[in-house]
Structure formats: structure tokens, C-alpha cells
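# Architecture at a glance
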Amino acid sequence: LDPATGTGTFLYSVIGQIYQTFASNKGMWPGYVQENLLPRLYGFELLMAPYAVAHMKLGELARDAGQLEQARAAFAWAVEHAPRYVLAWNELGLAALALGDMPAARQALERAHALDPADATSAMNLGVVALEEGDLARADRLFLAAERGLADDADLPFNRGCVALARGEREAAEAFFHAALALDE
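First things first, this report covers the structure right here in the doc. This structure is a prediction, so every number in the text was calculated from the model and none was measured.

Moving on to the overall build of the protein chain. On a plain count of helices and strands, the protein chain comes out with 10 helices and zero strands. Walking the protein chain from its N terminus toward its C terminus, one meets helices and strands in the order α-α-α-α-α-α-α-α-α-α. Across the 185 residues in the protein chain, those meeting the buried criterion constitute 40%. The long-range fraction of contacts in the protein chain, counting pairs at least 24 apart against all pairs at least 6 apart in sequence, stands at 49%. A total accessible area of about 10,200 Å² is found for the protein chain, and carbon and sulfur atoms account for 56% of it.

What follows is about the pattern of salt bridges. All chains considered together, the criterion is met by nine salt bridges. Here E110 makes a salt bridge to R138, at a shortest N to O gap of 3.4 Å. Taken as a pair, E110 in helix α6 (residues 102-115) and R138 in helix α8 (residues 136-147) lie far apart in primary sequence, 28 residues in all. Taking the relative accessible area as the measure of exposure, E110 reaches 33% and is therefore partly exposed. The salt bridge involving R160 is made with D140; its shortest N-O contact spans 3.5 Å. Of the two residues, R160 is situated in helix α9 (residues 155-166) and D140 in helix α8; the sequence distance between them amounts to 20 residues.

As a further point, take the packing of helix α7 (residues 120-132) against α9. Taken N-terminus to C-terminus, the directions of α7 and α9 make an angle of 25 degrees; their axes are 11 Å apart at the nearest point. As the angle between them shows, α7 and α9 are arranged roughly parallel. Of the two possible hands of crossing, α7 and α9 adopt the one that is left-handed. Judged by residue contacts, M124, V128 and L131 of α7 engage D155, L156, N159, C162 and V163 from α9.

Of the voids in this model, the largest pocket is the one considered here, and its volume is about 560 Å³. Along the walls of the largest pocket sit 23 residues, with I15, L38, L41, H55 and L58 positioned nearest its centre. Sorting the residues of the lining of the largest pocket by element identifies α1 (9-20), α2 (29-37), α3 (48-64) and α4 (68-81) as the ones contributing at least two each. With seven residues, the top contributor of residues to the lining of the largest pocket is α3. Taken together, the residues of the lining of the largest pocket break down into 16 nonpolar, seven polar and no charged.

The next subject is the packing of aromatic side chains. Under the criterion given, the structure shown has two aromatic pairs. An angle of 40 degrees between the planes, with centres 4.9 Å apart, marks the rings of F22 and Y32 as tilted. Note that F22 is positioned in the loop between α1 and α2 and Y32 in helix α2, a separation of 10 residues in sequence. Look at Y32 and you get partly exposed, because its relative accessible area is 23%.

The biggest cluster of nonpolar side chains holds 21 residues, and the ones touching the most others in it are F143 and A146. Contributing elements (two or more residues each) for this core: α5 (86-98), α6, α7, α8 and α9. Considering each element in turn, this core owes the most residues, eight residues, to α7. In contact with F143, other than residues within four places in its own chain, are M124, G127, V128, L156, N159, R160 and V163.

Considering the arrangement of structural elements, one finds G100 in the loop between α5 and α6. With 80 residues separating them along the chain, G100 and Q20 place their C-alpha atoms 29 Å apart.

Quick notes on the rules
- Residues numbered from 1 in each chain as written.
- Predicted model: local features only at pLDDT ≥ 70, side-chain atom pairs only at ≥ 80, totals over all residues.
- Heavy atoms only, no water.
- Helix = DSSP H or I, 4+ residues; strand = E, 2+ residues; numbered from the N terminus.
- Buried < 20%, exposed > 50% of the residue type's maximum accessible area, 1.4 Å probe, protein only.
- Contact = heavy atoms within 4.5 Å.
- Areas by Shrake-Rupley, 256 points an atom, 1.4 Å probe, with all protein chains shown as cover.
- Salt bridge = Lys/Arg side-chain N within 4 Å of Asp/Glu carboxyl O.
- Axes fitted to C-alpha atoms, helices over the stretch in contact; angles between N-to-C directions.
- Parallel < 35°, antiparallel > 145°, perpendicular 65-115°, else oblique.
- Left-handed = near helix turned anticlockwise from the far one by under 90°.
- 1 Å grid on protein atoms, 1.4 Å probe; cavity = no way out; pocket = protein on both sides within 12 Å on 5 of 7 lines; lining within 4 Å.
- Points joined across faces, edges and corners; volume = space filled by probe spheres on them.
- Nonpolar A, V, L, I, M, F, W, Y, C, P; charged D, E, K, R; others polar.
- Phe/Tyr/Trp six-rings, centres within 6.5 Å; stacked < 30°, edge-to-face > 60°.
- Core = buried A, V, L, I, M, F, W, Y, C linked by side-chain atoms within 4.5 Å.

Okay, here's the thing in C-alpha cells:
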């Protein structure tokens, strides 16, 4: 029981400690979480903003443990209760993307991008959705928009290389892939 959860740091740490005990048998973790862990954890917080951050942390923990549906539920809760929280919309979109739900991914990432058009991360992630959907022109525009804020992120030239490759521009794709490798070193 955490009577003043705040941003969930204490609960996050408790879950992390318990997760470490499953290091040798991670296959048992999902069942343990559903049947034993979640029914025993309680956190209360009066303020909505820190509580939304707590849900984000729990969503990230679930995502990192491969529990994508649980992660999506936590991120969905965060955006429902803090609808202007760009990071939560972005994470909700990424969870939907990982689950193969393109319409939900696009919707969440478009919301993140609309809330903060200067946010390079949501622009890049929305570009990934456009690329997956075959909208190469939109993907390229979004990746270009993201360049200003993510100049050192290897994912960006990699994604631009994928666009170039899809267009049949082999030399350009190769140059982007080399740039991605250089940044990844």
C-alpha cells in the first residue's frame, strides 16, 4: 500500500525488485503479475498529474516486460486522465504500433503531434506509421520535421533509408543506413 503514490516511484521500485527475482524464469512473470502482484498492490494519489505519471511508469514497466496489452491499458488511462500529456499519447501510439493496431497507433500519434507539433519524437513515430501504411511522402515529411530535434538519433536516418529503399532509391538508402550505423556506434 502506498497512500501517497505521487509519480509512482515507490511502486515502480517494488515491481522492479520483484521482477528481478524472475530473471531466470521470465516466462512465469506474466501469470504472476496478473494473479498475484496486481491484486496486492495499491496506490492512492489525490493529484491527477502525478498519478498520470505513475501510470506512465507502470506502462513502461509493462512494455519493457513484454506485456504490451497491459502497457497500452496504462498509457490509455494516462491520456484519459491527462489528455494534454504528449508523452503518454506517444507511448500509447507506440504500444498500439507494437500490437499491430495501425489505426489506433495513427490516432494516438496524431494526437501527440497535434498537441506539440515541435515534438520530434512524435513526428518520427508518426512517420513510422505512415511508412508502414505506404504513405512515403508523408513519412518523408515527418522524418524531415523530426530531424531538427533528433539529429543524433540513429533511428531517424534508418527510417529515412527505409523510405528511400521503398522508393527504389538504393544509393540514397545506403547513405542513410551508413549514417544510422555511424550514429549507433
